[in-house]
Amino acid sequence: MKLRIDMIKENVKCENCGVELTEDNIYVMEINGQKHYFCCSHCADNYIERKLH
Amino acid sequence: MLTTILNVSFTEVEEMAEDLVIIGHGAAGFAALIRANELGVKPVMIGYGTLGGTCVNVGCVPSKRMLRLAYLKALGQQVEFKKAIEDKDDIVSTLRKEKYEDILNSYDVEYIKGKAYFISPNAVKVNGQIIEGKKFIIATGSSPNIPDIKGLREVGFWTNVEALNPPRDISSLAIIGGRALALEFAQMYKRLGIDTVILQRSKVILPDWEPEISLAVQNYLESYDGIPIFTDVKVSEVKKGEEGKMIVTNLGKVEADEILVATGRRPNTDLNLEAAGVKLNERGGILVDDELRTTNPNIYAAGDVIGDQMLEALAGKEGAIAAENALANAHKKIDKLSIPQAVFIEPNIARVGLTFLEASKLYKADYRVVKMSNVSKARILREDFGLIKTVIDAESKRILGVQMFGKYAAEVINEAALAIKLRATIDDIIDTVHVFPTMAESFKLSVMAFKRDVQRMSCCVD
Ligand SMILES: Cc1cc2nc3c(=O)[nH]c(=O)nc-3n(C[C@H](O)[C@H](O)[C@H](O)COP(=O)(O)OP(=O)(O)OC[C@H]3O[C@@H](n4cnc5c(N)ncnc54)[C@H](O)[C@@H]3O)c2cc1C
Ligand SMILES: [Zn+2]
């Protein structure tokens, strides 16, 4: 049979600002042992700030 | 009187005990056998299943041959799936004979076919026979890890074993997993004419790699190979579909002729290890110290069964080192930082050392990413897809990690491995003249990028 795909395609986005991530703007940070993906280190820092407050 | 009896029996046990018993007849077991002979010891080797273990039978060798044929087909050569399997079978049986059967016959070893398990700290049982040993090496490898998914076992699935020896013809394959084996099988099958889709649990494929590599590879497989890749997928159920097998997930459903489970491998530790006082680590593998000694000082472990990086060349290295440490008290260790590995999709993906994230925890780390479009050889080949990322300790300028997605990356990474093994600095690489034009120049460029803008350079500037 041919593949039958009925799925929503979710590309990985910056967890702070929501911009779609590509090989040119991806930045990974580990928070409590879990990997989180951002578009830059500033967004990663902002995300941690927001989570802290 | 009592002392005399005890003395006699202890001496007899000592005399009857084998110098070395190797359990497992794959890469690690064979490497241990050869090193034992080099040290003047004739070991007993016990093996269960097909001689040669994973690599030659259902691992590296057949998968790399199938990927090669898939590559040739992508270049336009006529390659029929069934013929590809026959060709692969021929390489497997030839290499198994040359590299394992003939080798076994040319070394001094007592080979026993059967499944061994421990009955005490210094004895195993195989086929009802008790074998006592002064030293043991456990090299029993790993098996596919099958996740606990509702309906999966009832509906049925393939692992690497069936994917490399298909029991029936299929036209579509849904792959659960997004690491090395999943990517290799996805491209192999797709290029050989069978539609594939990848369903990966984590947010990116290759989640332990540099994120730039993960996304560049995903982009390539989707756009060049036409393989749909879904990430952040949680599979809730597998059931019979209208025509094939259906995978139900948090993001929707997929139906295909067959399901390939490529969700990692688990160490083969079913050896009654408690009887021997051998403990497991948190990965479910055998716990060893950095000389590969287990919690029983006379028992060593090597290869996939440790549950660390599961790599053929590492298994071989560990087998040899375990034998040397067990028999000659050599106290050898492996430099873990410089162990390279590759995913053999085309173009290859390869890595050695630490990621930037890992390095940042230990050093003041810095990194550079260079696109393959800056590499003359990639342009000449008109295969300039991909990138290379190099991580250094910003203080000492030593190279800590290199990851590459690009043509011949599996070859290029060996230079980076040597650089890390020798704790080379960026200047050591820059001062080494590289052949022009080669893909290995990409490594040099990624190192030069710490000092200058490599996009604004003529060829071969130093
Ligand atoms: C599809 C696939 C592709 C791969 N590709 C690559 C690659 O390209 N490059 C790479 O570096 N690595 C690759 N690997 C990994 C590589 O194959 C393994 O790391 C390597 O083969 C491990 O060798 P080993 O000696 O530890 O175990 P094995 O080769 O698995 O040998 C262990 C043997 O011990 C036997 N055994 C188990 N229990 C007992 C017992 N109780 N008594 C006696 N015998 C027992 C097993 O049956 C087996 O024959 C691949 C793996 C797979 C599955
Ligand atoms: Zn952002």
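Residues numbered from 1 in each chain as written. Chains lettered and ligands numbered in written order. Predicted model: local features only at pLDDT ≥ 70, side-chain atom pairs only at ≥ 80, totals over all residues. Heavy atoms only, no water.

This part covers the overall build of chain A. Along its length, chain A carries one helix and three strands. Put simply, chain A runs from its N terminus to its C terminus through helices and strands in the order β-β-β-α. Computed over C-alpha atoms, the radius of gyration of chain A comes to 15 Å, more than 25% over the 10 Å expected from 2.2 N^0.38 for 53 residues, which places it beyond the range of a compact globule. Counting only C-alpha atoms and orienting by the principal axes, one finds that chain A spans roughly 50 × 25 × 15 Å. When contacts within chain A are restricted to residue pairs at least 6 apart in sequence, long-range pairs at least 24 apart make up 21% of them. On chain A, roughly 3,400 Å² of surface is accessible, and the fraction owed to carbon and sulfur atoms is 49%. Each charge sign in chain A was given a centre, from 7 positive and 9 negative side chains, and these centres are 10 Å apart. (Helix = DSSP H or I, 4+ residues; strand = E, 2+ residues; numbered from the N terminus. Rg over C-alpha atoms; globule rule 2.2 N^0.38 Å. Contact = heavy atoms within 4.5 Å. Areas by Shrake-Rupley, 256 points an atom, 1.4 Å probe, with all protein chains shown as cover. Lys, Arg positive; Asp, Glu negative; His and termini not counted. Charge placed at Lys NZ, Arg CZ, Asp CG, Glu CD.)

This paragraph deals with the coordination of the zinc ion (ligand 2). Residues and elements named next belong to chain A. At this site the zinc ion (ligand 2) is bound by C14 (SG), C17 (SG), C39 (SG) and C43 (SG), with donor distances of 2.3 Å. Classification of the site at the zinc ion (ligand 2) rests on its four donor atoms, whose angles at the metal span 104 to 117°, yielding the label tetrahedral. All donors to the zinc ion (ligand 2) come from one chain, and their sequence spacing reads C-x2-C-x21-C-x3-C. The exposure class of C14 is buried, given its relative accessible area of 3%. (Donors = N, O, S within 2.8 Å, 3.2 Å for Na, K, Ca; no water. Tetrahedral: all angles 85-135°; square planar, octahedral: opposite > 155°, others 65-115°. Buried < 20%, exposed > 50% of the residue type's maximum accessible area, 1.4 Å probe, protein only.)

Another point: the pattern of salt bridges. Side-chain pairs of opposite charge can arise whenever the charged atoms involved come near each other. On inspection of all chains with the given rule, the structure shows 39 salt bridges over all chains. The salt bridge partner of K64 of chain B is E184 of chain B, with a shortest N-O separation of 2.8 Å. Placement of the pair is K64 of chain B in helix α4 (residues 60-74) and E184 of chain B in helix α8 (residues 180-191), with a sequence separation of 120 residues. The partner of R379 of chain B in a salt bridge is D384 of chain B, with the nearest N and O atoms 3.5 Å apart. Taking relative accessible area as the criterion, R379 of chain B reaches 47% and is therefore assigned partly exposed. Of the residues examined, D384 of chain B reaches a relative accessible area of 32% and is grouped as partly exposed. One connected set of salt bridges, linked through shared partners, spans R4 of chain A together with E242, E243 and E255 of chain B. (Salt bridge = Lys/Arg side-chain N within 4 Å of Asp/Glu carboxyl O.)

Residues and elements named next belong to chain B. Close contact between α4 and helix α5 (residues 81-106) brings their axes to 9 Å; oriented N to C, the two are set at 140°. In terms of orientation, α4 lies oblique with respect to α5. In this structure, α4 meets α5 at a crossing whose hand is right-handed. Of the residues in α5, those in contact with V61, P62, R65, M66 and L69 of α4 are F81, A84, I85, D87, K88, I91, V92 and L95. Of the residues in the contact of α4 with α5, the class split is ten nonpolar, no polar and three charged. (Axes fitted to C-alpha atoms, helices over the stretch in contact; angles between N-to-C directions. Parallel < 35°, antiparallel > 145°, perpendicular 65-115°, else oblique. Left-handed = near helix turned anticlockwise from the far one by under 90°. Nonpolar A, V, L, I, M, F, W, Y, C, P; charged D, E, K, R; others polar.)

Right, let's talk about the packing of aromatic side chains for a bit. The relative placement of two aromatic rings is captured by the distance of their centres and the angle of their planes. Residues and elements named next belong to chain B. The tally for this structure, following the rule as stated, stands at ten aromatic pairs over all chains. Summarising the aromatic geometry, the rings of F81 and Y189 are spaced 5.3 Å apart at their centres and angled 50° between planes, so their arrangement reads as tilted. In this pair, F81 is assigned in helix α5 and Y189 in helix α8, connecting sequence segments 108 residues apart. The burial state of F81 is the same as that of Y189; both residues are buried. An aromatic cluster is defined as three or more aromatic residues linked by ring pairs; in this entry it consists of Y220, Y224, F385 and F405. One residue, R351, lies across the ring of W209, its end atom 5.1 Å from the ring centre. Over the ring of Y367 we find K389, and its NZ or CZ is 4.2 Å from the ring centre. (Phe/Tyr/Trp six-rings, centres within 6.5 Å; stacked < 30°, edge-to-face > 60°. Lys NZ or Arg CZ within 6 Å of the ring centre and 35° of its normal.)

All names here are of chain B. Omega for the peptide link from E346 to P347 comes to -5°, which places this bond in the cis form. Structurally, the position occupied by P347 is in the loop between β17 (341-343) and β18 (348-353). In this chain, F436 is followed by P437 through a cis amide linkage whose omega measures -10°. Position of P437 among the secondary structure elements: in the loop between α14 (426-430) and α15 (441-448). At K397, a position not held by glycine, the phi torsion is positive, near 65°. The topology assignment puts K397 in the loop between β20 (387-393) and β21 (399-406). Among the residues examined, K397 registers a relative accessible area of 38% and is labelled partly exposed.

The next thing to look at is the sheet that holds strand β11 (residues 235-240) of chain B. Spatially, the four strands line up as an open sheet ordered β1(A)-β13(B)-β12(B)-β11(B), and their pairing is antiparallel. Looking along the sheet, the strands with just one partner apiece sit at the ends: β1 (4-7) of chain A together with β11 of chain B. Each neighbouring strand pair of the sheet contributes to a mean axis angle of 15°, computed without reference to strand direction. (Pairing = 2+ DSSP bridges.)

Moving on: the pairing of strand β4 (residues 117-120) of chain B. Residues and elements named next belong to chain B. Relative to strand β5 (residues 123-126), β4 is paired through three bridges, and the arrangement is antiparallel. Residue pairing across strands places Y117 opposite K125, the latter belonging to β5. Linkage of β4 to β5, two consecutive antiparallel strands, is achieved through a turn of two residues.

Structural measurements only, silent on function.
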